[in-house]
Amino acid sequence: MGTMQRLRAGWLVVALGLCMVPAGRGQAQVNTERPGSLLIFPKVVNDGTRTTVIQISNTGNSLEQARCFYIDGQRCRDMDFHLTLTKQQPTFWNVADGRTMHNTPSPLPGIMPGPVPPVPPGFVGALVCASIDRSGTPVGTNSLIGKATLYGPGENSAKYNAIGFVNKHGGTNVTDNNVDLDELEYNACPGAVRVNFPNPAAPDPAIVAAGNWGQCRVSGLPCSGDPGCITSTPGICDVGGTFTCTTGTVGAPCSSDAACTLFINDGPCLNGICSDGSTRCDTTRAPSCPIGVCSALTGSVTNVTVLPCNLNLDTLQPTSLALSLNGTDGEQNPLSGSKTVSCWESFTLEARTGCTGGPGHACLTPPATDFATVNIKSTSGGPFVAVAETFHLDTAGNASSAAVNVFMATGVCSAASPNAGQVCNNNSDCAGGTCIAPAPPPPGVGSTIRLPAY
Amino acid sequence: MRTLNGAVGRGTMSERGRAMAKRVLTTAVTSCVAVAAVLLAMLPRVEAQLVASDRTAGYIVFPDVEVDLIGQFSPGRSVDTIFELTNTATTGCRIVHCFYVDATNHCANAPSRACRTSADCGGGSCGIFSGTAPDCRYTRNFWVSLSAGQAIGWSAGHGGVVPPDRDCSRPDLAIIPPVGNDVVIGELKCVEVADSNPGAPPINANDLKGEATISEVADGLPGAVDVRSYNAIGFPTVATDLAPQTQGAICLGATASPGSLCEVATNAACPNTIVMNHWFDFAPGVTSPGPIFTNLILAPCSEDLNILGPGISPATTVQFLIYNEFEQRFSASTSLSCLRKMQLSEIDTAPGGAQLSIFSVYVQGTLTGQTRIHPVLGNELDRGHGVIGLMQEWTPSPGGVGSSEANLAYTSPISGKADVVKLPSQ
């Protein structure tokens, strides 16, 4: 090989090597299952009936330091602390207690990760933890994984994984206190999230099959069928005299006590409640309410918690999001809605007629079927992360919840597609164009977590 | 000519050399742009090769299906699993083929009795037996056609009804059958296929999103409701051109050996290591008095659903590395040849000895730990030994049981060794 050929080959190798840098950066997207250098727990609660346990592990073989921030979702304030984890070290704390030398009845066993303060009673918000070096600069060994479990009331619990962002270059390109979620420093936030949810107006199928799905028409007691609404009171038959019932069906002729048993039927067992809030009705028979509509007494309510990816933890300027909700039900009927969020919010998908929205609620077209799906996308304020929790209720007042990580869309359709800008998972979703992954943050808005000076 | 601010090497280069270098640079830059364009065009498929429960996929697995309609395991409580499945494609019809795998164990001393542990068998052993009802077998399948964006749900114990769809021109309701028995522990697998004929091949598409909610309910007073949910684990296809796959099996990764069934991957590979943050068993409850226990659910990635009976999955050894909060390391191992659900503190102990387990808080001395789970890979050419998993945390209490479930974290995928899923030909 001549000099020029060697030179040409050398240049090509260098050029190809340089080419590989941006191409390779997409190999790990923001996710909930792989170690990262930035963890976000969107839902942290300590409201008196529920608390949250945070579990974080260092999956690497070197010391890991992290700077963590509780974000108070109601007042948009933050509180920070430090974690130090030795190689492979797991740690945990209950946010109601923190992790200090003053934990009762004694300090928790294990290598102290550093004092972790408790959050105040009534706290609802999020937790963000970023790997840092000794100078406080965000770095990336991509070794942290985390889980959050919401406990209470009682034995109820709901668990989800922290959302992990991979630092793309081990922190070598991070020169300031900004954690840029742009696929150059860290993974970008997802372009949209998708939530499958049961229709809140439909009865919960598991409870309908075997639980307390109804209320007796007269007494309002919980029931799971008409026999459950029939009560019996033993009676006494005056077999030595009048052969009539002295208790129970008083005065009725009888020949034994059994004939005097008084049966009261408070049924039937009805599965719905009318709009007036007191008249019980049957959702399978329409119309069964004198006024308004009949809604199922049991059901499943889905709650979505949203945290913007643009976080200014230095000036504490809240980020406002405008969210569009678009989905479909089992009959492919379109569902739509919108929601604005400032700083942080946990809201219920109110897929019902008469929804007025407001804090804690997002109105959505009522589905016609028992199950539906919705894409949630930010139209201003930049991208966001989210987690979902669904509450299941029976008519005896029992409730239980389960949390899941929401799906994150792969990207958006390229400009060449008629679906340009729409959320996509495959090229086949973008006829004439391609599904660009990952979804880039909106130009000029960016997606940055700005940390205060160390 | 030598310039002060020029590079020495450049300064010693002849004019011809500089021109050549310029051409090379131009060529390199052009090549860079071209290669970058090609790589960027490939980006979605590169990214699609990671198993994930938070992304859509063409082949999804629900590793935990629990049905106990008669309250055998929890007297007075009925257990059922509710599935939610969505076709996230923006256009077009998708045909989904789903399979139930029954992994219910039975008592050796009462083969018709389902069991979880030997305690359910009155002292007899509980395990996989090939009696009248062989354990660990593919039991029931069904097809569902879904329009773009269509979201459906059904119950494992009672089945369900799928509304008519528009894109697939199915005007009528479709019926999803129940899993078939009153007591079932198993898994459900769904794959996008070319059509609804038996033996139809999977297609290159990643449109499915699924969740499962396991509900334990009791009627009467006080009654009970306890739910736990997880996301289906997705294996995205490598290509997404909607073309039918031609390899005769779903290849989760590739085995780079001549003669192997999966020299080329059709879908993402199974994870090499699973990482789990968990409480050690017997840790005190957080908001309830009962101790906390964790069940680990592991499902083999390789399955031959043409085998009607035991042996649909190869026996696999899995190794555990456990770290406590003192950074102390412990290890254990076990094996599985089918879906296996195990209480952590019973992995390394005999019945009754759970408190002495290395997964017990009494042995570890700290309340939580990190466990790394690694399958031992074989060298067969037609199957692999990858596993996927879930964790289930539960706390017994006077009111029953409180539970939660979660997907697990993964490290890098298995490399150079494919897992093979053979779909039933009938």
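In what follows, the accompanying structure is described. As the structure is a prediction and not an experimental result, all values here were calculated from the model.

Criteria and thresholds
- Residues numbered from 1 in each chain as written.
- Chains lettered and ligands numbered in written order.
- Predicted model: local features only at pLDDT ≥ 70, side-chain atom pairs only at ≥ 80, totals over all residues.
- Heavy atoms only, no water.
- Helix = DSSP H or I, 4+ residues; strand = E, 2+ residues; numbered from the N terminus.
- Contact = heavy atoms within 4.5 Å.
- Areas by Shrake-Rupley, 256 points an atom, 1.4 Å probe, with all protein chains shown as cover.
- Buried < 20%, exposed > 50% of the residue type's maximum accessible area, 1.4 Å probe, protein only.
- Lys, Arg positive; Asp, Glu negative; His and termini not counted.
- Charge placed at Lys NZ, Arg CZ, Asp CG, Glu CD.
- Core = buried A, V, L, I, M, F, W, Y, C linked by side-chain atoms within 4.5 Å.
- Buried area = accessible area lost by both parts, 1.4 Å probe.
- Salt bridge = Lys/Arg side-chain N within 4 Å of Asp/Glu carboxyl O.
- Polar contact = N/O pair within 3.5 Å; in protein donor to acceptor, adjacent residues only side chain to side chain.
- Disulfide = S-S within 2.5 Å.
- Patch = residues over 30% accessible without salt bridge, like charges linked within 9 Å, V, L, I, M, F, W, Y side chains within 5 Å.
- Pairing = 2+ DSSP bridges.
- Axes fitted to C-alpha atoms, helices over the stretch in contact; angles between N-to-C directions.

On to the overall build of chain B, then. Counting its regular elements, chain B contains three helices and 27 strands. Sequence-distant contacts in chain B: of pairs separated by 6 or more residues, those separated by 24 or more amount to 71%. Split by element, the accessible area of chain B, about 15400 Å² in all, is 56% carbon and sulfur.

For the rest of this paragraph, the subject is the overall build of chain A. Counting secondary structure elements, chain A contains two helices and 33 strands. Sorting the 454 residues of chain A into buried and exposed places 56% on the buried side. Sequence-distant contacts in chain A: of pairs separated by 6 or more residues, those separated by 24 or more amount to 65%. As displayed, chain A offers around 17400 Å² of accessible surface, 58% of which is attributable to carbon and sulfur atoms. Charged side chains of chain A number 23 positive and 30 negative; the gap between the two group centres comes to 12 Å.

What follows concerns the nonpolar core. Leu188(B) and Phe235(B) are the most contacted members of the largest nonpolar core, which totals 94 residues. Top contributing element to this core by residue count: strand E11 (residues 183-193) of chain B, with seven residues. By size, the runner-up hydrophobic cluster in this structure holds 51 residues, among which are Val179(A), Leu321(A), Ala351(A) and Ile449(A).

By a widespread convention, an interface's size corresponds to the accessible area lost as its parts come together. On the side of chain A, 101 residues touch chain B, which itself brings 106 residues to the contact. For the pair chain B and chain A, the summed buried area comes to about 8300 Å², and 57% of that belongs to carbon and sulfur atoms. There are two salt bridges connecting chain B and chain A. The salt bridge involving Lys159(A) is made with Glu393(B); its shortest N-O contact spans 2.6 Å. At the boundary of chain B with chain A, the tally comes to 37 residue pairs in polar contact (both at pLDDT 80 or more).

Residues and elements named next belong to chain B. Enumeration over the complete set of coordinates arrives at 15 disulfides over all chains. There is a disulfide in this structure between Cys93 and Cys168, and the S-S distance comes to 2.0 Å. The S-S bond linking Cys93 to Cys168 shows a torsion near 105 degrees; that makes this disulfide right-handed. Residue Cys93 is found in the loop between strand E2 (78-87) and strand E3 (94-102), and its partner Cys168 is found in the loop between strand E9 (160-162) and strand E10 (174-176); the two are separated by 75 residues along the sequence. A residue is classified by how much of its surface remains accessible, and Cys168, at 19% relative accessible area, is buried. Here Cys107 is linked by a disulfide to Cys121, with a sulfur-sulfur distance of 2.1 Å. Torsion about the S-S bond of the Cys107 and Cys121 cystine: about -85 degrees, corresponding to left-handed handedness. Separated by 14 residues along the polypeptide, Cys107 in strand E4 (residues 105-107) and Cys121 in the loop between strand E5 (114-115) and strand E6 (126-127) bring together distant segments of the chain.

Quick look at the side chain of Thr213(B) now. Relative to the elements of secondary structure, Thr213(B) occurs in strand E12 (residues 208-218). Relative accessible area serves as the criterion here: at 9%, Thr213(B) is assigned to the buried category. Setting aside residues up to four positions removed in sequence, Thr213(B) forms contacts with His392(A), Asp80(B), Thr81(B), Ile82(B), Val227(B), Arg228(B) and Ser229(B).

The subject of this paragraph is a nonpolar patch on the surface. Residue and element names in this part refer to chain B. Nonpolar side chains collect at one region of the surface, where Val161, Leu173 and Ile175 lie side by side and expose about 310 Å² of accessible area between them. Position of Leu173 among the secondary structure elements: in the loop between E9 and E10. By relative accessible area, Leu173 is classed as exposed at 55%.

Now for the pairing of strand E8 (residues 151-155) of chain B. In regular strands, side chains alternate between the two faces of the sheet. Residue and element names in this part refer to chain B. Taking burial as the measure, the five residues of E8 include five buried ones, the bulk of the element. Every second residue of E8 is oriented toward a common face, with Ala151, Gly153 and Ser155 on one face and Ile152 and Trp154 on the other, all of them buried. Both E2 and E8 contribute to a ladder of five bridges, which runs antiparallel. Opposite Ile82, over in E8, you have Ser155 as the bridge partner.

The next subject is the environment of Pro418(A). All names here are of chain A. As for its placement among the helices and strands, Pro418 is situated in the loop between strand E30 (411-413) and strand E31 (423-424). Since its relative accessible area comes to 71%, Pro418 is described here as exposed. The sequence separation of Pro418 and Ala431 amounts to 13 residues, and the corresponding C-alpha distance is 6.9 Å.

Moving on: the pattern of salt bridges. Counted by the stated rule, this structure contains 23 salt bridges over all chains. As a salt-bridge pair, Arg67(A) and Asp80(A) come within 3.6 Å of each other at their nearest N and O atoms. Here Arg67(A), found in strand E3 (residues 64-72), pairs with Asp80(A), found in strand E4 (residues 77-85); they are 13 residues apart in sequence, far enough to count as distant. Linking Glu192(B) and Arg94(B) is a salt bridge whose minimum nitrogen-to-oxygen distance equals 3.3 Å. With a gap of 98 residues between them, Glu192(B) in strand E11 and Arg94(B) in strand E3 connect regions that are remote in the sequence.

This paragraph deals with the side chain of Glu183(A). By the element assignment, Glu183(A) lies in the loop between strand E10 (178-180) and strand E11 (193-198). Reaching out from Glu183(A), the side chain makes a polar contact with the backbone nitrogen of Ala188(A) at a distance of 2.8 Å.

All right, on to unusual backbone geometry then. Phi is mostly negative for residues that are not glycine, and the peptide bonds are mostly trans. With omega at -10 degrees, the peptide bond leading from Gly152(A) into Pro153(A) counts as cis. Tracing the backbone through its elements, the reader meets Pro153(A) in the loop between strand E7 (144-151) and strand E8 (157-161). A cis geometry characterises the amide bond from Gly267(A) onward to Pro268(A), with omega recorded as 5 degrees. Summarising the element assignment, Pro268(A) is placed in the loop between strand E15 (262-265) and strand E16 (269-270). One non-glycine residue, Glu183(A), adopts positive backbone phi at about 70 degrees. Classification of Glu183(A) by relative accessible area gives buried; the value is 5%. Despite not being glycine, Leu242(B) has its phi angle at roughly 70 degrees, a positive value. The topology assignment puts Leu242(B) in the loop between strand E14 (233-235) and strand E15 (250-252).

Our next topic: the environment of Ala205(B). Relative to the helices and strands, Ala205(B) is located in the loop between E11 and E12. Judged by its relative accessible area of 0%, Ala205(B) is buried.

Turning our attention to the sheet that holds E7(A). Residues and elements named next belong to chain A. Strand order across the open sheet formed by four strands is E5-E2-E7-E8, with antiparallel pairing between neighbours. Only two strands of the sheet have a single neighbouring strand rather than two, namely strand E5 (90-94) and E8. Strand after strand, the sheet turns through a mean of 15 degrees between neighbouring axes, direction not considered. Pairing analysis gives five bridges linking strand E2 (residues 51-58) to E5, with the strands arranged antiparallel.

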